[in-house]
Amino acid sequence: MDLMGPFSNASDRAGRAFRSFWEVSAPALKHLRAGYRTFVRLLADMMPKGLYARALIIIIAPIVVLEGVIAFVFMERHWQNVTRRLSETTARDIAALIDIYDGSPATKYDDIIRIARDRLNLSMQIMPPGDLPEARPKPFFDLLDRALSREISRHVQRPFWIDTVGQSRHVEIRVQHSDSILRFLAVRTQTYASNSHIFLLWMVGSSVILLTVAILFLRNQIRPILRLAEAADDFGKGRAISDDLEPRGAREVRQAAAAFLEMRDRIRQHVDQRTTMLAGVSHDLRTVLTRFKLELAFMEESPDVQSLKADVDEMQHMLEDYLAFARGDGGEEAKLTNLTELLEEIHEEAQVYGTDIELKFRKRRGDVMVPLKRQAFKRAITNLVSNAVRYGDKIIIRVATEGQWLRIEVDDNGPGIPASERENVFKPFYRIDRARNQDDGNSGLGLAIARDIAKSHGGDITLGESSMGGLRAIISVPL
C-alpha cells in the first residue's frame, strides 16, 4: 500500500496552485514595484537638494509629527472626554430640573428657578408654549454642539434646540414641554473644556522657540561647510582663495577644512617645483637652440642651411608647445578680466595670419567682466583660432553669455573632424590624417592645452560641426 500517495497528490496540487497564483500575481507585483520606484523618484525630485534645507527637514519633521500625535491624543482622549462629561453633567441637571418641574405646582416654579440658579449655576426661564426656533447653522468646530446635543437627547428625551454660537460666553438650550418651553442658559465653560487652547498655545510656542534655536545653531554649523565648498570650487577654477579660511565648526568639518588646506599647500608646492624645473629646462634648451641659430647665421646660404634653419624653428616651436603643456596655467591667479577687450586683442593679433576672421557678440556688446587667468585663457582662444586658421580660410568667433556661463565658439570652413575622432584629438600628441591634414609644425598639443586651460577655469571645450561645414570649437566657462 502506497502511504505517500495522498501526500504526493496534495503536494502536486499545492504546487500547481502556487504556480497559478504566481502567474496571476507576478504582473501585478511588477507594476506595483514600478509604481513604487516612480513614487520614490518623484519624492526624491521634490525634496530639497541643499544640506541646510535637508537638515531643517530632519529637525522639523520629528517635531511636527510629535506635535501632531500629541495634539491628536489630547483632542481625542482629554478634550473630548472632558467636554463629553461636562455636557453630560449639564444635560443631567437640565433633566433633573424638568423632572422637578413636572412634579411641582405652578406656585413652586420660582423655587425651581432659584434652585437652578443657586445650586446648578443655570439660568432657567419658563416661556409660553409654542414651536422651537429653527436650527441654526452648525459652527465650523462643532465639538461642543455634537457632544451637548447627544447628551441632551439621551437624558432629556424631548424636542430641544441649542445655540452654541449666538452668545459668546453662554450656551442657550430650549426644551419643548407640553405646556411651555423651558429655556436654560449655561456658562460656556460649564459645558465644555475651554482652556485647551492654552495647552495648544504652549505647545506651538515652545516648538517655535526650539525651532528658532535649532535654526540658528544649524546655520552656524552649515556656514563652515558652505565656505569650504566655495573655497574648493574657487581653487578648482584657479581663483584666489581668501586667506581667512580657517577650520571652524564641528570636529569633522574642521578636519575636512584642515585636509583641504593641506592639500592646497601641497598642490601649490608641487606646481611651484614643476614650474621652477621647467623654467630651468626651458633655459638650457633655448640656450642650445640659440647656439644653433648663431652657427647657422654665420654659414653661407644654401638649401641645406635653410632646411636646418627650418628644423631649428620647428624644434623651438615644438619645445614651446611641450613646455606650455607641461607647465599648464603656470600658477597664474584668476582676476577680473574685461572679456571684450581680451577678445578684441586676440582678433587684432590674429590678423597676422592673413585669413578672414570675424568677431561677433551675441545678445550684448558691452563689457563683460569675468574672473580669468588672462594669459592662459588668451592662449587657449589663440590655440583654437590658430587651429582653425590652419585648415580654413574663413573664421567666425562668436561670444555669448548664457545664464551663468560664458560661451565662445570658433567656426571654420575647413574639412572638419569626424565625430568619432573629436574626443581623440584632445589627447596629447594625437594626430589624424583623414579629416584634417597635419602640417609639419603641428605638435598635436594645441587642443590639449586649450582643454586643460578651460578645465582649470571650471569649464570645458567641445567640438561639433560649424554652420559653414567645417569644425566648431566651443569653450564654456562659468561666469
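It should be noted that the structure appears before, not after, this text.
Residues numbered from 1 in each chain as written. Predicted model: local features only at pLDDT ≥ 70, side-chain atom pairs only at ≥ 80, totals over all residues. Heavy atoms only, no water.

A. Local environment of the overall build of the protein. The helix and strand tally for the protein stands at 11 helices and 11 strands. Within the protein, the proportion of its 479 residues that are buried is 35%. Restricting to contacts in the protein with at least 6 residues of sequence separation, those with at least 24 account for 66%. Surface summary for the protein: the accessible area is close to 29,300 Å², and the carbon and sulfur share equals 58%. (Helix = DSSP H or I, 4+ residues; strand = E, 2+ residues; numbered from the N terminus. Buried < 20%, exposed > 50% of the residue type's maximum accessible area, 1.4 Å probe, protein only. Contact = heavy atoms within 4.5 Å. Areas by Shrake-Rupley, 256 points an atom, 1.4 Å probe, with all protein chains shown as cover.)

B. Broad picture of unusual backbone geometry. The backbone of Asn121 shows a phi angle near 60°, a positive value even though the residue is not glycine. Take Asn121: it is sitting in the loop between helix H3 (109-118) and strand E1 (122-127). Using a relative accessible area of 46% as the deciding quantity, one classes Asn121 as partly exposed. In this model, Gln157 sits at a positive phi of 60°, which is unusual for a non-glycine residue. Following the sequence through the fold, Gln157 ends up in the loop between helix H4 (143-155) and strand E2 (160-163).

C. Inspection of the sheet that holds strand E4 (residues 181-187) at higher detail. Strand order across the open sheet formed by 4 strands is E1-E4-E3-E2, with antiparallel pairing between neighbours. For this open sheet the edge positions go to E1 and E2, each flanked by a neighbour on one side alone. Across the sheet, the mean angle separating the axes of adjacent strands is 15° when strand polarity is ignored. Sheet analysis places E2 next to strand E3 (residues 170-176), joined by 4 bridges and oriented antiparallel. Residue pairing across strands places Trp161 opposite Arg174, the latter belonging to E3. (Pairing = 2+ DSSP bridges. Axes fitted to C-alpha atoms, helices over the stretch in contact; angles between N-to-C directions.)

D. Structural detail: the nonpolar core. Judged by nonpolar contacts, the single largest core of 38 residues is most densely connected at Leu339, Phe377, Ile408 and Ile475. Counting residues per element, this core draws most heavily on helix H10 (residues 374-391), at 8 residues. Excluding its chain neighbours within four sequence positions, the residues that come into contact with Phe377 are Leu339, Leu342, Leu372, Leu406, Ile408, Ile453, His457, Ile475 and Val477. Within the second largest apolar cluster, 21 residues are counted, among which are Ala116, Leu122, Ile152 and Val156. (Core = buried A, V, L, I, M, F, W, Y, C linked by side-chain atoms within 4.5 Å.)

E. Looking closely at helix H11 (residues 446-456). Most of H11 sits inside the fold, with 8 of its 11 residues counted as buried. Among all positions of H11, only Leu447, Ala448, Ile449, Ala450, Arg451, Ile453, Ala454 and Ser456 are buried. One or two steps after H11, the chain reaches Gly458, where phi turns positive at roughly 85°.

F. Main features of helix H9 (residues 339-349). Listing the buried residues of H9 in full gives Leu339, Thr340, Leu342, Leu343 and Ile346. Taken down its axis, H9 places every buried residue within 165° of arc, on the same side. Buried residues in H9 make contact with strand E5 (335-338), strand E6 (356-361), strand E7 (369-372), H10, strand E8 (394-402) and strand E9 (405-412). Its side-chain oxygen at 3.1 Å from the backbone nitrogen of Thr340, Asn338 defines the N-terminal cap of H9. (Arc of directions from axis to C-beta. Polar contact = N/O pair within 3.5 Å; in protein donor to acceptor, adjacent residues only side chain to side chain.)

G. Expanded view of the packing of H9 against H10. With their axes 11 Å apart at the nearest point, H9 and H10 run at an angle of 45° to one another. Classified by the interaxial angle, the pair formed by H9 and H10 is oblique. In the packing of H9 onto H10, the handedness of the crossing is right-handed. Listed contacts from H10 to Leu339, Leu342, Leu343, Glu345, Ile346 and Glu349 of H9 are Arg374, Phe377, Lys378, Ile381 and Thr382. By residue class, the composition of the contact of H9 with H10 is 6 nonpolar, 1 polar and 4 charged. (Parallel < 35°, antiparallel > 145°, perpendicular 65-115°, else oblique. Left-handed = near helix turned anticlockwise from the far one by under 90°. Nonpolar A, V, L, I, M, F, W, Y, C, P; charged D, E, K, R; others polar.)

H. Representation of the side chain of Ser149 in the model. Tracing the backbone shows Ser149 in helix H4. Exposure remark for Ser149: the relative accessible area of 16% places this residue in the buried category. Here Ser149 is in contact with Phe160 and Ile162, once residues within four sequence places are set aside.

I. Here's a closer look at the packing of H10 against H11. At a closest axis distance of 9 Å, the pairing of H10 and H11 adopts a crossing angle of 145°. Read as a crossing pair, H10 and H11 show a hand that is left-handed. Between H10 and H11, the residues in contact are Ala376, Phe377, Arg379, Ala380, Asn383 and Leu384 and Gly446, Leu447, Ile449, Ala450 and Ile453, respectively. Within the contact of H10 with H11, the residues separate by chemical class into 8 nonpolar, 2 polar and 1 charged.

J. Structural view of the sheet that holds strand E11 (residues 471-478). Strand order in the open sheet formed by 5 strands is E6-E8-E9-E11-E10, with mixed pairing between adjacent strands. Sheet topology places E6 and strand E10 (460-465) at the edges, where each strand pairs with a single neighbour. The average angle at which neighbouring strand axes cross in this sheet is 15°, direction not considered. Of the strand pairs in this sheet, E6 and E8 are connected by 6 bridges, and their pairing is parallel. Bridge pairing in E8 places Phe361 opposite Val399.

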